[in-house]
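Here is what each chain is made of, one letter per residue.
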Amino acid sequence: MNKTPLITVIIPFFNSEKFLRETIESVLKQTYPYLELLLIDDGSTDSSTGIAVEYARTYPGIIRYFEHANHENLGANASRNLGIRNSRGEYIAMLDSDDIFLPDKLEIQLKAIKEKPDLVLLGCRAGEIDTEGNFRGTNTPTRGVNKIRGNILLSNQFTHSSIIMRKNIIVQNIELYNESFPVAQEWEFTSRIASEYEVDNLYDMLVLYRRDNPESITSTTKEEIRHKYDTLIRTAGMARIEGWNIDEDRSGYENISDNINRILNPQAGNLPAKYIEPTIDMVIDLYEKFCNKYKLNKHESELLLYDIYIAIANIHCENTNMSESFAYVKKTADINIYNIIRHETLIVIFKCLVGPSLIKNFLSSTRSIWVRVPYSVRRRFKRILNTRIDS
């Protein structure tokens, strides 16, 4: 392997004139010098096309400009795939056109991924900024391949502008980005990689990404469309574990995966009481097959089982079935007595004693104060309480 391998950075963009220069400059300022930058124009109609062409002319040995035939707008996935097909690097890093690499991003990630030959994709912690560049906090990425594999069944586990990946594995063994997906493309792509190969996240904050940018090529679309494609990804992921033939009963399997998500992810909404026990059985079956497929050791399997039991205890608490909730709290202690003092366990116990409705009523009555709390604090608080809060 080349001791100084080339990294290809791919920036797809559509009408990104406000942020594109700053994004490109963040790549040019990288401490790792052996890179190329591909600017993929997705049919822009503003000045971002001229900006990209100008940079390609100014840095002919580093930056290349591409567009679709007839300057068509084909979407983020088609643009990323065009970049991958024209890349020359041994590694590929993705960057959205409104996000920013911190100066040592590529150098740190390359060192980490080279140290683990089986690692195919590596992300990192990301800082959030708004459209004015104001810092809003950071995420806390999931770390460890099997932890990521479990969580990615339910939700995306990577900030896409944070990832670097081995090109040869992606091109030879993984289908590229699914161009039929209008939303959740990044999650769909990384979930397929995680199901077959080693993936991980660094704790280092190496990238800044913009939330709520209406000009982003992957900005939020209608909620019902997002739910449809989120369900498709969850169903496909669970099918890889369970061995389902989705084509036999697509709607049935999608309902199952949606119910499982509602058990394990309280932010997904309440599950009707009549479906809770049958779905819990399905969750336990999925857990057992997951452990067998990925050969989890005792410690890993116990950590995963703890998360499942706490999720089930929370569901029973939300449905005011306190005896069942406490029964699952006890099961966490049966795994390891110290689980009883973990903050997730204590929160469930607190909710059972106080009552989830009282907590929600309090939060609702103080909403005028709540909305003034910084976004990152609100999000952390929701996660700690493990309940739905309108914000």
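Here goes a summary of the coordinates provided. Remember, it's a predicted structure, so these values are computed and weren't measured experimentally.

## A word on the overall build of the chain
Line of reasoning, step 1. Each helix and strand in the chain was counted, giving 16 helices and nine strands.
Line of reasoning, step 2. In the chain, which comprises 391 residues, the share counted as buried stands at 53%.
Line of reasoning, step 3. For the chain, the proportion of contacts with a sequence separation of at least 24, taken over those separated by at least 6, is 74%.
Line of reasoning, step 4. With an accessible surface of roughly 18400 Å², the chain has 51% of that area assigned to carbon and sulfur atoms.

## With respect to the side chain of Ser301
Line of reasoning, step 1. Considering the arrangement of structural elements, one finds Ser301 in helix α11 (residues 298–318).
Line of reasoning, step 2. You can call Ser301 buried: its relative accessible area is 13%.
Line of reasoning, step 3. With residues up to four places along the chain from it excluded, the contact list for Ser301 reads Tyr287, Cys291 and Leu296.

## Details of the side chain of Asn261
Line of reasoning, step 1. Tracing the sequence through the fold places Asn261 in helix α9 (residues 250–264).
Line of reasoning, step 2. Note on Asn261: relative accessible area 3%, which makes it buried.
Line of reasoning, step 3. The residues touching Asn261, leaving out its near neighbours within four places in the chain, are Leu154, Arg234 and Ala268.

## Some details on α11
Line of reasoning, step 1. The end-to-end C-alpha distance of α11 is 30 Å, a good match for the 30 Å that 21 residues give at a rise of 1.5 Å each.
Line of reasoning, step 2. Thr320 occupies a position one or two residues after α11 and carries a positive phi of about 55°.

## With respect to the pattern of salt bridges
Line of reasoning, step 1. In the structure shown here, the tally under the stated rule is 17 salt bridges.
Line of reasoning, step 2. Glu188 is the salt-bridge partner of Arg192, the closest N and O atoms lying 2.8 Å from each other. One end of the pair, Arg192, and the other, Glu188, are both in helix α7 (residues 185–196), four residues apart, so they sit about a helical turn from each other.
Line of reasoning, step 3. The class of Glu188 is buried, set by a relative accessible area of 10%.
Line of reasoning, step 4. Note that Lys298 and Glu302 form a salt bridge whose closest N and O atoms lie 2.6 Å from each other. Pair noted here: Lys298 and Glu302 are both in helix α11, with a separation of four residues, about one helical turn.
Line of reasoning, step 5. What makes Glu302 partly exposed here is its relative accessible area of 24%.
Line of reasoning, step 6. Taken together, the shared-partner salt bridges connect Arg80, Asp96 and Glu186 into one network.

## Some words on the pairing of strand β1 (residues 7–13)
Line of reasoning, step 1. Counting buried residues along β1, seven of its seven residues qualify, which places the element largely inside the surrounding structure.
Line of reasoning, step 2. The alternating pattern of β1 places Ile7, Val9, Ile11 and Phe13 on one face and Thr8, Ile10 and Pro12 on the opposite face, and all of these are buried.
Line of reasoning, step 3. Judged from the seven bridges that link them, β1 and strand β2 (residues 35–41) form a sheet pairing that is parallel. Each bridged residue has a counterpart across the sheet, and for Val9 the counterpart in β2 is Leu37.
Line of reasoning, step 4. In this view, the connection linking β1 to its parallel neighbour β2 by way of helix α1 (residues 20–28) has right-handed handedness.
Line of reasoning, step 5. Sheet analysis places β1 next to strand β4 (residues 91–94), joined by four bridges and oriented parallel. Note that in β4 the partner of Val9 across the bridge is Ala93.

Calculation rules
Residues numbered from 1 in each chain as written. Predicted model: local features only at pLDDT ≥ 70, side-chain atom pairs only at ≥ 80, totals over all residues. Heavy atoms only, no water. Helix = DSSP H or I, 4+ residues; strand = E, 2+ residues; numbered from the N terminus. Buried < 20%, exposed > 50% of the residue type's maximum accessible area, 1.4 Å probe, protein only. Contact = heavy atoms within 4.5 Å. Areas by Shrake-Rupley, 256 points an atom, 1.4 Å probe, with all protein chains shown as cover. Expected span 1.5 Å × (residues − 1). Salt bridge = Lys/Arg side-chain N within 4 Å of Asp/Glu carboxyl O. Pairing = 2+ DSSP bridges. Right-handed = clockwise from strand over helix to strand, strands pointing away.

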